[in-house]
Amino acid sequence: FAASDGSLSSGQLTLRNSQLVDVMNAVAVRHAPRPTYIEKNVFIRSPGISVFMIGGKATEWPHDAKVYIRNNVFYEQPTSYGPAVRLDLSYVGDVVLRYNSFLSTDRVALYSTTAADARENFWNTLFEEEIEAMINDRFPGTGGTQYKPFLTAPHPDTPELPTVVPAPRYNW
């Protein structure tokens, strides 16, 4: 989107109600000058979402210039490309990460350079140690990223994983 001073602004991103299957690159958001919405999508074997907002927002940007990542499904994200969601932030409040379903418990779902707020997401397990293994932040063992309370079932507004998942198109 833009440099942290607001130059090179290119607009607003809204990605809703889509299926991303075997996509080669993550949806990358960098210094979003306007509200960005990534909601109600299904990511199947796709790298997911990467948000880079180091240095925070420019002072003239609207207060609600946040990245909203809500009600998405992440399934079998390729481990060679990193987590389902990567957050490189100066301020945890720049991203709203809620009501998502992280279905693959055998890999990192969230990487964050800050103590992220990841409450009210579904991790496909009820065991806290499994959830903690799905979160990679710079604060291991310190209670950095907050994930409690977590959902014990997918949020009703989050789409379901298709009953027939397409066969892989690529060899990751």
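A brief look at the structure comes next.

Cut-offs applied
- Residues numbered from 1 in each chain as written.
- Predicted model: local features only at pLDDT ≥ 70, side-chain atom pairs only at ≥ 80, totals over all residues.
- Heavy atoms only, no water.
- Phe/Tyr/Trp six-rings, centres within 6.5 Å; stacked < 30°, edge-to-face > 60°.
- Helix = DSSP H or I, 4+ residues; strand = E, 2+ residues; numbered from the N terminus.
- Buried < 20%, exposed > 50% of the residue type's maximum accessible area, 1.4 Å probe, protein only.
- Lys NZ or Arg CZ within 6 Å of the ring centre and 35° of its normal.
- Core = buried A, V, L, I, M, F, W, Y, C linked by side-chain atoms within 4.5 Å.
- Contact = heavy atoms within 4.5 Å.
- Polar contact = N/O pair within 3.5 Å; in protein donor to acceptor, adjacent residues only side chain to side chain.
- Salt bridge = Lys/Arg side-chain N within 4 Å of Asp/Glu carboxyl O.
- Pairing = 2+ DSSP bridges.
- Axes fitted to C-alpha atoms, helices over the stretch in contact; angles between N-to-C directions.

A short note on the packing of aromatic side chains
Part 1 of the argument: A complete count under the given rule lists five aromatic pairs for this structure.
Part 2 of the argument: On the basis of an interplanar angle of 10° and a centroid distance of 5.1 Å, the ring pair of Y37 and Y68 is categorised as stacked. You can see Y37 sitting in strand 4 (residues 36-39) and its partner Y68 sitting in strand 7 (residues 67-70), a full 31 residues away along the chain. Just as Y37 is buried, Y68 falls in that class too.
Part 3 of the argument: Taken together, the aromatic side chains of F43, F74, F102 and W123 make up a single cluster linked through ring pairs.
Part 4 of the argument: One Lys or Arg, R16, reaches over the ring of Y37 and ends 5.0 Å from the middle of that ring.

What to know about the nonpolar core
Part 1 of the argument: Counting residues in hydrophobic clusters, the biggest one holds 30 residues, and the most contacted among them are V51, V85, L110 and W123.
Part 2 of the argument: Of all the secondary-structure elements, those providing two or more residues to this core are strand 3 (27-30), strand 6 (49-53), strand 7, strand 9 (85-89) and strand 10 (95-98).
Part 3 of the argument: In this structure W123 touches F102, T105, A109, L110, A118, I131, M134, I135, Y147 and F150, once residues within four positions along its chain are discounted.

Details of the side chain of T113
Part 1 of the argument: Counting through the fold element by element, T113 comes out in the loop between strand 12 (110-112) and helix 1 (128-133).
Part 2 of the argument: Separated by 3.2 Å, the side chain of T113 and the backbone nitrogen of L89 make a polar contact.

Thoughts on the side chain of N71
Part 1 of the argument: Along the polypeptide, N71 turns up in the loop between strand 7 and strand 8 (73-75).
Part 2 of the argument: For N71, a relative accessible area of 9% corresponds to the buried category.
Part 3 of the argument: Residues within four places of N71 in sequence aside, it is in contact with E39, K40, N41, R98, Y99, N100, H155, D157, T158 and P159.

Describing the environment of A118
Part 1 of the argument: Here A118 lies in the loop between strand 12 and helix 1.
Part 2 of the argument: Here A118 falls in the buried class, since its relative accessible area comes to 0%.
Part 3 of the argument: C-alpha separation for the pair A118 and L97, spaced 21 residues apart in sequence, amounts to 5.8 Å.
Part 4 of the argument: Setting aside its immediate chain neighbours within four residues, A118 contacts L97, L110, W123, T145, Q146 and Y147.

Here's the deal with the pattern of salt bridges
Part 1 of the argument: Inspection of every chain in the model, using the stated rule, returns nine salt bridges.
Part 2 of the argument: Close ionic contact of R70 with E39 constitutes a salt bridge, the shortest N to O distance being 2.5 Å. With R70 in strand 7 and E39 in strand 4, the pair connects residues that are 31 residues apart, well separated along the chain.
Part 3 of the argument: With a relative accessible area of 23%, R70 lands in the partly exposed category.
Part 4 of the argument: Salt bridges linked by common partners bring R98, D117, R119 and E120 together as one network.

Quick word on unusual backbone geometry
Part 1 of the argument: Residue K148 is joined to P149 through a cis peptide bond whose omega torsion reads 0°.
Part 2 of the argument: Structurally, P149 is set in the segment after strand 13 (135-137).
Part 3 of the argument: Backbone geometry places E76, a non-glycine residue, at a positive phi of 55°.
Part 4 of the argument: Mapped onto the elements of the fold, E76 is located in the loop between strand 8 and strand 9.

Side note on the sheet that holds strand 13
Part 1 of the argument: Read from one edge to the other, the open sheet built from five strands follows the order 3-6-9-12-13, with strand pairing classed as parallel. At either end of the open sheet lies a strand with only one pairing partner, and these are strand 3 and strand 13. Each strand axis lies, on average, 10° off the axis of its neighbour in the sheet, ignoring direction.
Part 2 of the argument: Judged from the three bridges that link them, strand 9 and strand 12 form a sheet pairing that is parallel. When the bridges of strand 12 are listed, V85 appears paired with L110.

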